[in-house]
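A look at the structure
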Amino acid sequence: MPAVAMTTTTSSLTPSTRAFRSVGRNRRVVVIRAAASGSKNEPPRSSEKRAGAGGSGSSSPAIDRRRRVRHSMRVTRLRDLIEISPDLWAPAEEVEVAEDAALGDGLAQAVVFKEMLLASMHFRLYSQRDLGNGRYAVRFLMGSPRMEGLDDVQRVTSAVCDTCGPLCDEGLMSLVPDSECGMSVAEIQFPLPFLETPDEDAVLSRAATPAELRVERLDAVVRGLESQIIDESVVCLMEKGSDDRSTFFGKARLNKYFTGMHAREADLLHRGTCTSSSPTPGALEASREMLTRMWDGEEHADVELVDEVRARVEKLFCGGAGRMILHPSGTDAETMPLLQAVLESRALARESSDETSRPEAFRGEHATRGNVVSLVACAGEVGSGTTEASMGRFFSRSCPLGGNRVEMGQELPALHDLAEMRAVELVARGADDPTGAARDDYDAFVIDEARKALAADPCAVVVLHTVAGSKTGLRLPSPDVASLLRAEYGDRVVSVLDACQMRHNPTLVPRWLADPVAGGPVLMTSSKFFGGPSFGSGVFFPHASIERMNELLEAEPPATVAAMAEACASYLTHHDIGDVLPKLHDAMPPGFCNVGVLLRWAAGLHEMETLEAATAMHGGMENTEATVRSWVTATRSLATEFEPHLEYVPAVDYGGDWQLGGVNTIVSVRIRNSGGGSDSGSEYMSTAKLKKVYALMTADISEFLAPESTMAERRVASQRCLTGQPVDIPGGSVLRTVLGAAQLKDLVTGKQDLPTMLEDDRVLFAKLALIARQYDHLLSHSL
């Protein structure tokens, strides 16, 4: 976050005065009011609008305010109820200060500052210290409500002290270790005489006396710090509630994809929305506003805001044909179609009159146990954890909820007692085809696997995935497969549309949801094409599927529903389910919503809604799709200009609403080896090498080029680029550059014209080719 700029229009101001003034005037100020929330430890469910608990005590308004503020400082979560004791943060003593305190009175300044900290939900007052000789130090921590614990408070405090600019530059605020609490705390020492000294800018102030000026200037400091705290708290909270792909490192807080929750930097050439994105400044502001509304909304905010997000997403994509359950990522979203299949299979088992027709493992005491087989289409080109997730296993060592560390492949709690679950990976590309093209017989291959699974057990249910855009843009199997199998087997086939890349025409999802034969659940995300911060996802269910699932849940005993809720609780809160599946909702643990998912979805919705608005205002969908085709055609042509170092991998265009504009917006290239390395015998760089290329693309590597490199090459090398991560396919692994929603919006609105954007894309390909030529030299440095 940029340092606060100092005000320079008044030369007579002392540096310290300018520092305080700049924090108050040059930072955007957001005033957040602490709200009374009674004595409740958790927000209500959507069906429980509990009335606020009023009080009739005789305490003063000031004390009541402090109690309310301290309560709002709770850092509770669904899984980890932690409360910072109000006594820990209370001042060591109550001090009465005369209204006519002398100028430069350190105690008077410290008391005013303390009162302001106590009146804000964004500070944790730690202590006041008498330093002697009329000097006083106020120590405090910073962090907004919904922090998960003291580590988060410490992180925000350190970050604000690092980025607050003039306050620290002038030595007015410092981060100091405190031996009593074992943490580092922020400290400001008083008196600061200039807080009360009139200057030539005083005519702009409403303060009439030094005491009023003291309050006004300290208020400006506190408000400026609040804005910084909110910025850092938003980023901190957006990182929460995800899996280990969202582990962030260093001061820049970047994950393994080199993205994070700070606003996307303007000088980064972003062509990686097929993998991961940082939020745009506008999207981050949307997250900030959502968090502010959560604080203002008191105890019902969780219910209302999650329901609002659900309604906005349904309006954009469902066309009235379905409902949505929110998820942290597209991978864990596999849980809901799996749950549907478990319910269907168990219903078949209960209705079966001849258990001897089932395999031996499903007889006797296991006669009502379900049997689910997930067919993972385009295996290797969908989410890396899809196979584990589709068979009810953890695909990450950390869970979005619960704070638990688990083993990769470990079974979700309780779910496997209800049904056996296995997955069959169906690789789409022929291993023997040197071009890596998709198998001609893929549809028949999928149908054969489905029929084998269904024939093995009359109570088995298959989860069939139709991928509407793999990591390289494949659409496989064809939709005819879902229609055929559903027509033949009915509810024994759960027909899932994997639309997580979201690179399709808006008509696809409602059409799939409304299809009475092939239709079924739709997996979607906000964090691929739309470029929302990683990750945000959801599952759309057709109304008929929702009705059927609710019927099946009603037929299950309470213990079974509780087991399903226990399995879901690693990924979902009851807020995410909402009123879509009431019985499952009511069985979920009580508590807060997943704040990280809510904030990431707020950012993703900003991108979705602004693209929709831009499309409506600039020629409609016809013009937008023509713009997409123009970029794709030109970029594919550009990719062929960098032979022999790059090889463009021809894409498949499916037409219709399966792809936006009827074209594949993912442009894949192979990079040829320049010699040397463990795969020097191969024509193309391996996935391991391409991961290093991916990392090199994100950095300014101009100073590490070979000495003979030209100035033009150094300019290309200095451009930081984010591509899609490598994908291992037969014939040679590929790197990807793609069209994302933010780029498309710039083109549609005219913010950037196509020739200018293509010059950026030319630089990206040129840098890839440059790295290919100098790969061994670059890797000789410790970059």
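Each remark here, short or long, concerns the structure printed above.
In short, a report on the structure.

Analysis parameters
- Residues numbered from 1 in each chain as written.
- Predicted model: local features only at pLDDT ≥ 70, side-chain atom pairs only at ≥ 80, totals over all residues.
- Heavy atoms only, no water.
- Pairing = 2+ DSSP bridges.
- Helix = DSSP H or I, 4+ residues; strand = E, 2+ residues; numbered from the N terminus.
- Axes fitted to C-alpha atoms, helices over the stretch in contact; angles between N-to-C directions.
- Contact = heavy atoms within 4.5 Å.
- Left-handed = near helix turned anticlockwise from the far one by under 90°.
- Nonpolar A, V, L, I, M, F, W, Y, C, P; charged D, E, K, R; others polar.
- Salt bridge = Lys/Arg side-chain N within 4 Å of Asp/Glu carboxyl O.
- Buried < 20%, exposed > 50% of the residue type's maximum accessible area, 1.4 Å probe, protein only.
- Parallel < 35°, antiparallel > 145°, perpendicular 65-115°, else oblique.

Moving on, we come to the sheet that holds strand E15 (residues 666-671). Here we have four strands laid out as an open sheet, ordered E14-E15-E18-E17, and antiparallel in their pairing. Each end of this open sheet is capped by a strand with a single partner; those strands are strand E14 (646-649) and strand E17 (724-727). Across the sheet, the mean angle from the axis of one strand to that of its neighbour is 35°, orientation sign disregarded. Two elements, E17 and strand E18 (residues 734-738), share two bridges in a ladder whose sense is antiparallel. What sits directly across from Gly724, in E18, is Arg736. Its contacts with the sheet put helix H21 (residues 620-639) on E14, E15 and E18, and the angle it makes with E15 is roughly 5°. In the packing of helix H22 (residues 687-697) onto the sheet, contacts are made with E15, E17 and E18, and the angle to E17 comes to roughly 170°.

The next thing to look at is the packing of H21 against helix H25 (residues 754-779). At a minimum axis separation of 10 Å, H21 and H25 run at an interaxial angle of 35°. Regarding H21 and H25, the two cross each other, and that crossing is right-handed. The residues of H25 that touch H21, namely those facing Ser630, Trp631, Ala634, Thr635, Leu638 and Ala639, are Leu754, Met757, Leu758, Asp761, Arg762 and Phe765. Class assignment of the residues belonging to the contact of H21 with H25 gives a composition of eight nonpolar, two polar and two charged.

With that settled, consider the pattern of salt bridges. This model, assessed by the stated rule, comprises 44 salt bridges. Close ionic contact of Arg312 with Glu308 constitutes a salt bridge, the shortest N to O distance being 3.0 Å. Here Glu308 and Arg312 lie together in helix H9 (residues 301-317), a separation of four residues that amounts to about one turn. Taking relative accessible area as the criterion, Arg312 reaches 25% and is therefore assigned partly exposed. On the basis of relative accessibility, which here comes to 22%, the residue Glu308 falls in the partly exposed class. One network of salt bridges, with partners in common, ties together Glu643, Glu647, Arg670, Arg672 and Glu683.

In contact at an axis separation of 10 Å, helix H10 (residues 335-351) and helix H16 (residues 543-555) are set at 55° when each is read in the N-to-C sense. Put simply, H10 runs oblique to H16. As for how H10 packs across H16, the hand of that crossing is left-handed. Mapping the contact onto sequence places Met336, Gln340, Leu343, Glu344, Ala347 and Arg350 in H10 and Ser545, Arg548, Met549, Leu552, Leu553 and Ala555 in H16. Among the residues making up the contact of H10 with H16, the classes are represented as seven nonpolar, two polar and three charged.

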